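Below, each chain spelled out in residue letters.
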Number of protein chains: 2
Amino acid sequence: MAVQVIDKGTIRGRRGKALHLGKGQALKLINTHGHQVVDTWAFNPDDVREYLSLEHTRPIIGKIYAEKGDTLYTNKRRPILFMEEDTSNEKHDTLIAACDIYRYNLLGCKDYHDNCTDNLRAAMRQIGIDEVECPSPLNLWMCIPITPNGEVVWAQPSLKEGDYIVLRAAMDCIVAMSCCPQDMVDIHGKGAKPTDVSYETLS
Amino acid sequence: MAVQVIDKGTIRGRRGKALHLGKGQALKLINTHGHQVVDTWAFNPDDVREYLSLEHTRPIIGKIYAEKGDTLYTNKRRPILFMEEDTSNEKHDTLIAACDIYRYNLLGCKDYHDNCTDNLRAAMRQIGIDEVECPSPLNLWMCIPITPNGEVVWAQPSLKEGDYIVLRAAMDCIVAMSCCPQDMVDIHGKGAKPTDVSYETLS
């Protein structure tokens, strides 16, 4: 049966989006401009206290990065998403919290700064969910190599325009994404500023 | 002024304990038998939704392990604990979720198995807090080296009887601990089974 595009759209740079995926459906996330980190979460729609948990995923997949072919698990150790395709072949970060007002304050920002934590909350409110934890996100296209001593390196991904990832839902879920508004640290690529990404949901 | 022991006690093997620390007070945790992993959490007593968060700590300390001399931060990026002493000089794990009923089910356990997640909840209820998240724990004396490819290795710590850690409170906090009841995977040391640890709270 041919793959059908059920829905598609754009997530504006510095903003978030949450959407429902039925079990077996997939999200294709397209890095339109080739340099945008996307913080990504997944929740059980029947109980948002069950969510994609990287601390539960790492011991099951036996790795600290997420890559093409990896299944991602909830805090009940159930499969929730499967990374079916990734044209970038990136080692996606699982270690670093979503940015938040406190992060930007520590970086010297005095005023409100857009941030992934608030983007998650706004995106979830937009689909009717008022209260949600901010679990540690899967940081798609974010490149954090670890040195042999365990030091965290802030590197940049090597992407090209239109690189995409397909995440297949292993259970009914809500997927939330934030086009990370980080513009005080080079994280999207050398000198790159936050941009739009686009998405399609697939049968 | 001499250090005063305010309180002391034993945490039974396979069980948990939560206690209050005032800002500036310290917890001395003693690995009595020299082979016991202790999952450890810390919460703001005025709002337990603020807690020691390893995903927020890693980017600030720039490392994936916690060691003597490190400050640990909350999900509001405030200092909550400082690892003032550690006679083991271990690189303590920050990456792996607390064990839970799902973990033991996946390991083949058909009946209820003691676990750190339930120990946290029981310990918090014991001091009057009914509802609490189970954040990713600081796994004291748990040794998880990472290979250059990002693979997780289940290693064992090299401890001696009586090794101890001192955690100094950077703010008023509740510290919760669980003597990890893991007895299906060698994590406390080759062939070692869960044992008691003891603690002192210090001025």
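Every chain is numbered independently, its residues counted from 1 as its sequence is written. Chains carry letters and ligands carry numbers; both start at the beginning, A for chains and 1 for ligands, and go up in the order they are written. The predicted origin of the model limits local features to residues at a pLDDT of at least 70 and limits the giving and counting of side-chain atom pairs to 80 or more, whereas totals for whole chains, interfaces and linings rest on all residues. Hydrogens are left out, water is left out, and the side-chain values use all remaining heavy atoms of the structure.

Asks: Would you mind going over the sheet that holds strand S3 (residues 26–31) of chain A with me for this structure?
Replies: Two orientations exist for strands paired in a sheet by backbone hydrogen bonds: parallel and antiparallel. All names here are of chain A. On the basis of which strands lie adjacent, the open sheet formed by six strands has the order S1-S13-S3-S11-S8-S7 and antiparallel pairing. With one partner strand each, in any of the chains shown, strand S1 (5–11) and strand S7 (71–73) form the two edges of the open sheet. Adjacent strand axes in the sheet meet at a mean angle of 20° when their direction is disregarded. Where S3 lies against strand S11 (residues 163–169), six bridges are found, and the strand directions are antiparallel. Its bridge partner being in S11, Lys28 is matched across the sheet by Val166. Two strands qualify as a pair provided that DSSP identifies no fewer than 2 bridges between them. For helices the rule is a DSSP run of H or I covering at least 4 residues; for strands it is a run of E covering at least 2, with both sets numbered from the N terminus onward. To get an axis, a line is fitted to the C-alpha atoms, and for a helix only the part in contact is used. The angle between two axes follows their N-to-C directions and goes from 0 to 180 degrees.

Asks: Teacher, can you tell me more about the layout of surface pockets here?
Replies: Empty space among the atoms becomes visible once a probe the size of a water molecule is rolled across them. Definitions used for this entry: grid spacing 1 Å over protein atoms alone; cavity, a set of points where a 1.4 Å probe fits but cannot get out; pocket, an open set with protein on both sides within 12 Å along at least 5 of 7 lines; lining residue, one with an atom within 4 Å of a point. Grid points are joined across faces, edges and corners, and a volume is the space filled by probe spheres set on the points. Taken as a whole, the largest pocket holds about 1400 Å³ of empty space. Among the elements of the structure, strand S5 (47–51), helix H1 (54–61), helix H2 (101–106) and helix H3 (116–126) of chain A together with strand S5 (47–51), helix H1 (54–61), helix H2 (101–106) and helix H3 (116–126) of chain B are those that each provide at least two residues to the lining of the largest pocket. Under the scheme applied here, ten amino acids are nonpolar (Ala, Val, Leu, Ile, Met, Phe, Trp, Tyr, Cys and Pro), four are charged (Asp, Glu, Lys and Arg), and all others, including Gly, are polar. For the lining of the largest pocket, the class distribution of residues is 15 nonpolar, 11 polar and 24 charged. Space inside the second largest pocket adds up to approximately 160 Å³. Elements represented by at least two residues in the lining of the second largest pocket include exactly strand S2 (16–21) and H3 of chain A. Looking at the lining of the second largest pocket element by element, the count peaks at four residues for H3 of chain A. A breakdown of the residues in the lining of the second largest pocket according to their chemical character gives four nonpolar, three polar and three charged.

Asks: What exactly am I supposed to notice about the state of the cysteines here?
Replies: In protein chemistry, a disulfide is the covalent bond that joins the sulfur atoms of two cysteines. Residues and elements named next belong to chain B. Only a pair of cysteine sulfur atoms within 2.5 Å qualifies as a disulfide here. Evaluated as defined, the whole model comprises zero disulfides over all chains. Free cysteine Cys99: the closest other cysteine sulfur is in Cys116, separated by 3.7 Å. The closest cysteine sulfur to the non-disulfide-bonded Cys143 is located on Cys180, 14 Å from its own sulfur. Under the relative-accessibility criterion, Cys143 is labelled buried at 14%. A 1.4 Å probe rolled over the protein chains alone gives each residue an accessible area, and that area as a share of the maximum for its type sets the label: buried under 20%, exposed over 50%, partly exposed in between.

Asks: For this particular structure, what's the right way to read the packing of aromatic side chains?
Replies: Aromatic rings in a pair are described by how distant their centres are and how their planes are angled relative to each other. Residues and elements named next belong to chain A. Only Phe, Tyr and Trp rings take part, Trp by its six-membered ring, and two of them pair if their centres are within 6.5 Å. Stacked means planes under 30 degrees apart, edge-to-face means over 60, and tilted covers everything else. Taken as a whole and assessed by the stated rule, the structure comprises two aromatic pairs over all chains. On the numbers, 6.3 Å between centres and 65° between planes, the contact of Phe43 with Tyr51 is edge-to-face. Taken as a pair, Phe43 and Tyr51 share a single burial class, namely buried. Taking the ring centre of Tyr164 as reference, the NZ or CZ of Lys28 above it sits at 4.2 Å. Geometrically, a charge over a ring is one whose NZ (Lys) or CZ (Arg) sits within 6 Å of the ring centre while staying within 35 degrees of the ring normal.

Asks: What exactly am I supposed to notice about the interface of chain B and chain A here?
Replies: Interface size is commonly expressed as the accessible surface area that is lost when the partners come together. When checking whether two residues touch, look at their non-hydrogen atoms; a contact exists if any pair is within 4.5 Å. In this assembly, 32 residues from chain B lie in contact with 32 residues from chain A. Across the chain B/chain A interface, buried area totals approximately 2700 Å², and carbon plus sulfur atoms make up 55% of it. Considering only the side of chain B, the residues that lose the most area to chain A are Glu55, Arg77 and Tyr102 of chain B, jointly responsible for 20% of the buried surface there. We count a salt bridge whenever a side-chain nitrogen from Lys or Arg sits within 4 Å of a carboxyl oxygen from Asp or Glu. Linking chain B to chain A there are two salt bridges. Notably, a salt bridge pairs Arg77 of chain A with Asp100 of chain B, separated by 2.8 Å at the nearest N-O pair. Two N or O atoms count as a polar contact when they lie within 3.5 Å, although within protein this holds only if one can serve as hydrogen donor and the other as acceptor, and sequence-adjacent residues are included solely when both atoms are side-chain atoms. Where chain B meets chain A, there are 15 residue pairs in polar contact (both at pLDDT 80 or more). When residues of the side of chain B that touches chain A are traced back to their parent elements, those giving at least two are H1 and H2 of chain B. Here the side of chain B that touches chain A is built from residues that sort into 15 nonpolar, seven polar and 10 charged. Summed over both partners, the accessible area lost on bringing two parts together, with a 1.4 Å probe, is the buried area.

Asks: What exactly am I supposed to notice about the pairing of strand S8 (residues 79–86) of chain A here?
Replies: Looking down a regular strand, the side chains alternate between one sheet face and the other. Residue and element names in this part refer to chain A. As defined by bridge partners, S7 adjoins S8 across three bridges and the pair is classed as antiparallel. Residue Leu72 lies in a different strand from S8, and its bridge partner there is Leu81. From the end of S7 to the start of S8, which pair antiparallel, there are five residues, and Arg77 there has a positive phi angle of about 60°. Across five bridges, the pairing between S8 and S11 is antiparallel.

Asks: What is the right way to read the relation of the copies chain B and chain A from this model?
Replies: Between the two copies of the chain lies a relationship made up of a rotation around an axis and a movement along it. Aligned on chain A, chain B shows an RMSD of 0.0 Å; the corresponding rotation is 180° and the shift along the axis is 0.0 Å. The transformation relating the two chain copies, once decomposed into turn and shift, fits a two-fold axis. Closest approach to the rotation axis among the C-alpha atoms of chain B is made by Pro148 of chain B, whose C-alpha sits 3.2 Å away. A high fraction, 100%, of the interface residues of chain B reappear at the interface in chain A, so the copies pair face to face through one surface. Fitting of the copies onto one another was done by least squares over C-alpha atoms, counting residues only where both copies have pLDDT of at least 70.

Asks: Would you take a moment to explain the sheet that holds strand S1 (residues 5–11) of chain B for this structure?
Replies: Residues and elements named next belong to chain B. Ordered by their spatial adjacency, six strands build an open sheet running S1-S13-S3-S11-S8-S7, and the pairing between neighbours is antiparallel. Sheet topology places S1 and strand S7 (71–73) at the edges, where each strand pairs with a single neighbour. The average undirected angle you get between the axes of adjacent strands in this sheet is 20°.

Asks: Is there a simple way to explain the confidence of the model for chain A in this structure?
Replies: Predicted coordinates in regions of low pLDDT should not be interpreted in detail. This prediction gives chain A a mean pLDDT of 96; 100% of its residues lie at or above 70. Interface confidence for the predicted complex, given as ipTM, is 0.96, next to a pTM of 0.97. Known as pLDDT, the predictor's confidence for each residue is given on a scale from 0 to 100.

Asks: Would you mind showing me how to read the pattern of salt bridges here?
Replies: Pairing of side chains with opposite charge becomes possible as their charged atoms draw close. This structure, assessed with the given rule, holds 25 salt bridges over all chains. In this structure, Arg14 of chain B and Asp114 of chain B form a salt bridge, with 2.9 Å as the shortest nitrogen-oxygen distance. Of this pair, Arg14 of chain B sits in the loop between S1 and strand S2 (16–21) while Asp114 of chain B is found in the loop between H2 and H3, placing the two residues 100 residues apart along the sequence. Arg14 of chain B gets classed as partly exposed once you look at its relative accessible area, which sits at 24%. What emerges from the salt-bridge pattern is a single network uniting Arg14, Arg15, Asp114 and Asp183 of chain A.

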